Each structure stands twice: as C-alpha cells, then as structure tokens.
Amino acid sequence: MRMSWEDVVLIEEGKSSGDPTVVTVNCPDKAGLGCDLLRVVLEFGLYVTRGDFSTDGKWCYVVLWVVPRPSSVRVDWESLNKRLLSCCPSFLPAFYLNQLTTGSKPPPLYLLTVFSLDRKGLIHDVTEVLCELDLSIQRVKVTTTPDGKVLDLFFITDAT
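Here the structure is a predicted model, which means the values were calculated and not measured.

## Considering the packing of helix α1 (residues 33–43) against helix α3 (residues 122–132)
The description of two packed helices rests on the angle between their axes and on the distance between the axes. One way to put it is that α1 packs onto α3 with a least axis distance of 10 Å and a crossing angle of 100°. Classified by the angle their axes make, α1 and α3 are roughly perpendicular. Between α1 and α3, the contacting residues are Leu38, Arg39 and Leu42 on the first element and His124, Thr127, Glu128 and Cys131 on the second. Its residues assigned to classes, the contact of α1 with α3 comprises three nonpolar, two polar and two charged.

## Observations concerning the side chain of Thr157
You can see Thr157 is positioned in strand β7 (residues 149–158). Looking at Thr157, the relative accessible area reads 8%, which means it is buried. Sequence-distant contacts of Thr157, defined by excluding residues within four places in its chain, comprise Pro107, Pro108, Leu109, Leu135, Ser136 and Gln138.

## A look at the sheet that holds strand β5 (residues 110–117)
Backbone hydrogen bonds are what pair the strands of a sheet, in a parallel or an antiparallel way. An order of β5-β7-β6 is seen for the three strands of this open sheet, with the pairing classed as antiparallel. Strands with a single pairing partner mark the edges of an open sheet, and in this sheet they are β5 and β6 (135–144). The mean inter-strand angle of the sheet, taken between neighbouring strand axes irrespective of direction, is 20°. As defined by bridge partners, β5 adjoins β7 across eight bridges and the pair is classed as antiparallel. In the strand pairing of β7, Ser116 is matched with Val150. Sitting on the sheet, α3 is in contact with β5, β6 and β7, with an inclination near 20° to β7.

## Regarding the nonpolar core
If you look at the biggest cluster of nonpolar residues, it comprises 23 residues, and the most contacted ones within it are Val25, Leu46, Leu64, Val66 and Leu84. Of all elements in the fold, only β2 (21–28), α1, β3 (46–55), β4 (59–68) and α2 (77–87) reach the threshold of two or more residues within this core. At five residues, the largest contribution of residues to this core is made by α1. If near-sequence neighbours (up to four positions away) are discounted, Leu84 is found in contact with Val9, Val23, Leu37, Val40 and Val41.

About the cut-offs
Residues numbered from 1 in each chain as written. Predicted model: local features only at pLDDT ≥ 70, side-chain atom pairs only at ≥ 80, totals over all residues. Heavy atoms only, no water. Axes fitted to C-alpha atoms, helices over the stretch in contact; angles between N-to-C directions. Helix = DSSP H or I, 4+ residues; strand = E, 2+ residues; numbered from the N terminus. Parallel < 35°, antiparallel > 145°, perpendicular 65-115°, else oblique. Contact = heavy atoms within 4.5 Å. Nonpolar A, V, L, I, M, F, W, Y, C, P; charged D, E, K, R; others polar. Buried < 20%, exposed > 50% of the residue type's maximum accessible area, 1.4 Å probe, protein only. Pairing = 2+ DSSP bridges. Core = buried A, V, L, I, M, F, W, Y, C linked by side-chain atoms within 4.5 Å.

Here it is, written out as structure tokens:
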C-alpha cells in the first residue's frame, strides 16, 4: 500500500458555522509528535474540543476536533496543513550516524495525572499550560468514562 503526502494531513471544515473542523494526521510516529501537533494547532488560534491519539510506536493516527477562538479573525487552513505536515517524520527510511554517547542521562520523565469531569476544551487547556511552563509532552493517554469523567495521563519532561 502506498500513501501520498496529501493523505498525511486532512482538514475537513465543519458543515455549519458552529461545527468543529476535523483535523486528521496519519504519519510515522516519533517522540513528542502529539505535543508538536498540538502546539501548532494552538499557535493558529484554535481550541481543541476533542482529540483521539492512537499509535503502535511506529505509526501514529491523530484526530482533533478544533474550533477557532472567538478572537481569531480567520484561520489559514492551508498554512495549518503545511505546518502540521512539517511536524511529521518522513516516510523514507532514515539513516542515522552511529554517534558515541556523551554520557549524559536523558531527562527524567514525569507523570501528570488529570482526573476530572469532562468538558469541552480540557485537553487544550492542559496542553496550553504545559507548553507555557516549557514542559515537553512525550506521550498522552486519554481515557473518557461513560459517566462523563476523564483520566488523562501526561508523560512530560522538563525542556529547560
């Protein structure tokens, strides 16, 4: 099966003015990809009302339901598409130099657990605060229960 670059990022605008736009990213996975994608979405003045992240460690499938902030005049969807595409690793096999280890340890990984009532924009608000604190989100596990509660696990490192 062959996949073209046009299929990596798909943006489907809502049918009416109040409906969210669905942004789908389907590409090879890398550490911190979800954080990179959400940072770009936030930079374009969008709220994430709902998100679905799925990965097997090699391939990633992300679906985000987004709405513009009220203060946003107009969203440039084509630029957003290009920026999201630039976050994705290449399909081509990567060649790495065999570098000697410098002896430095990787930064410690912290687990932030968010347990609360589900609400529109919760993931957006949490990721925005983490980005403002200069923390890197390595992985997110989002669980929504039928009774309207969420358990979100954020695996984060300190970027400083």
